[in-house]
Amino acid sequence: MTRTVKSFRYFAVDDRTAVRISSILLAIPFLFLLENTFEYILHADFALLAYFTEIFKTLDRKIVFIGPLLFIVGPIVAAFLNVFSVITLGFDKKQRVVEIKIHLKWVNLFLLFICIMSLTASAVYMILALNGF
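Figured I'd write up the structure that's included with this text. (Residues numbered from 1 in each chain as written. Predicted model: local features only at pLDDT ≥ 70, side-chain atom pairs only at ≥ 80, totals over all residues. Heavy atoms only, no water.)

## Brief notes about the side chain of Ser118
Thinking step 1. Among the secondary structure elements, Ser118 is positioned in helix α4 (residues 106-130).
Thinking step 2. Taking the relative accessible area as the measure of exposure, Ser118 reaches 9% and is therefore buried.
Thinking step 3. In this structure, Ser118 is in contact with Leu26, Pro29 and Pro75, ignoring residues within four places of it in sequence. (Helix = DSSP H or I, 4+ residues; strand = E, 2+ residues; numbered from the N terminus. Buried < 20%, exposed > 50% of the residue type's maximum accessible area, 1.4 Å probe, protein only. Contact = heavy atoms within 4.5 Å.)

## Concerning the layout of surface pockets
Gaps left between atoms show up when a probe the size of a water molecule is rolled over them.
Thinking step 1. The volume enclosed by the largest pocket comes to roughly 260 Å³.
Thinking step 2. Contributing to the lining of the largest pocket are Phe32, Leu33, Phe56, Asp60, Gly67, Pro68, Phe71, Ile72, Ser122, Tyr125, Met126 and Ala129.
Thinking step 3. Among the elements of the structure, α1 (15-41), α2 (47-62), α3 (66-86) and α4 are those that each provide at least two residues to the lining of the largest pocket.
Thinking step 4. When its residues are assigned to classes, the lining of the largest pocket shows nine nonpolar, two polar and one charged. (1 Å grid on protein atoms, 1.4 Å probe; cavity = no way out; pocket = protein on both sides within 12 Å on 5 of 7 lines; lining within 4 Å. Points joined across faces, edges and corners; volume = space filled by probe spheres on them. Nonpolar A, V, L, I, M, F, W, Y, C, P; charged D, E, K, R; others polar.)

## Section: the nonpolar core
Thinking step 1. In terms of nonpolar packing, the biggest core is built from six residues, these being Leu26, Ala78, Ala79, Leu111, Leu112 and Cys115.
Thinking step 2. Secondary structure elements with two or more residues in this core: α3 and α4.
Thinking step 3. Counting residues per element, this core draws most heavily on α4, at three residues. (Core = buried A, V, L, I, M, F, W, Y, C linked by side-chain atoms within 4.5 Å.)

## Some details on the packing of α1 against α2
Thinking step 1. Between α1 and α2, whose axes approach to 9 Å, the crossing angle comes to 120°. Of the possible angle classes, the one that applies to α1 and α2 is oblique. The crossing of α1 and α2 is left-handed. Within the contact between the two elements, α1 uses Ile28, Leu31, Phe32, Leu34, Glu35 and Phe38 and α2 uses Leu49, Ala50, Phe52, Thr53 and Phe56.
Thinking step 2. Residue composition of the contact of α1 with α2, by class: nine nonpolar, one polar and one charged. (Axes fitted to C-alpha atoms, helices over the stretch in contact; angles between N-to-C directions. Parallel < 35°, antiparallel > 145°, perpendicular 65-115°, else oblique. Left-handed = near helix turned anticlockwise from the far one by under 90°.)

## A few points about the side chain of Ser85
Thinking step 1. Within the fold, Ser85 resides in helix α3.
Thinking step 2. The exposure class of Ser85 is buried, given its relative accessible area of 0%.
Thinking step 3. Polar side-chain contacts of Ser85 include one of 3.0 Å to the backbone oxygen of Asn82. (Polar contact = N/O pair within 3.5 Å; in protein donor to acceptor, adjacent residues only side chain to side chain.)

## With respect to the packing of α2 against α3
A pair of packed helices is characterised by two quantities: the angle between their axes and the separation of those axes.
Thinking step 1. Between α2 and α3, the least distance of the axes is 8 Å, while the angle of their chain directions is 120°. By the angle between their axes, α2 is oblique relative to α3. Seen from α2, the contacting residues are Phe56, Leu59 and Asp60; seen from α3, they are Ile66, Gly67, Leu70 and Phe71.
Thinking step 2. Here the contact of α2 with α3 is built from residues that sort into five nonpolar, one polar and one charged.

## Things to note about α4
Thinking step 1. A rise of 1.5 Å per residue sets the reference length of α4, with its 25 residues, at 36 Å; its end C-alpha atoms lie 36 Å apart and thus fit the reference within 8%.
Thinking step 2. Turning to α4, its buried residues are Asn108, Leu111, Leu112, Cys115, Ser118 and Ser122.
Thinking step 3. If you follow the buried residues of α4, they end up packed against α1 and α3. (Expected span 1.5 Å × (residues − 1).)

Given below as structure tokens:
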């Protein structure tokens, strides 16, 4: 006797995995933007954040595309992970219906908001840097 699947549900990404990976991908742009905010706007100097910036500058000199990878690709990947962890796909063979549900997982939605804000801040920073500010 052959068993057929009458329905299934599929989470594209586990929400805990998405939160962990997104946190890691968003930590580096957050620290860099925090250090620049303290240095240029508040005129404060914190040794730990300055040390982090020096590490980033050293990596940027050695690896050419590390900046765009960390500041553009990282938040985009984190955003996609959070979107896919909120969406549930389902299919019912009997009724021939595809179900797409959006679950309110507040941590994932908050990280999605942070991804959008990080991309916006990176874009504004790059535009200002290109114009000499």
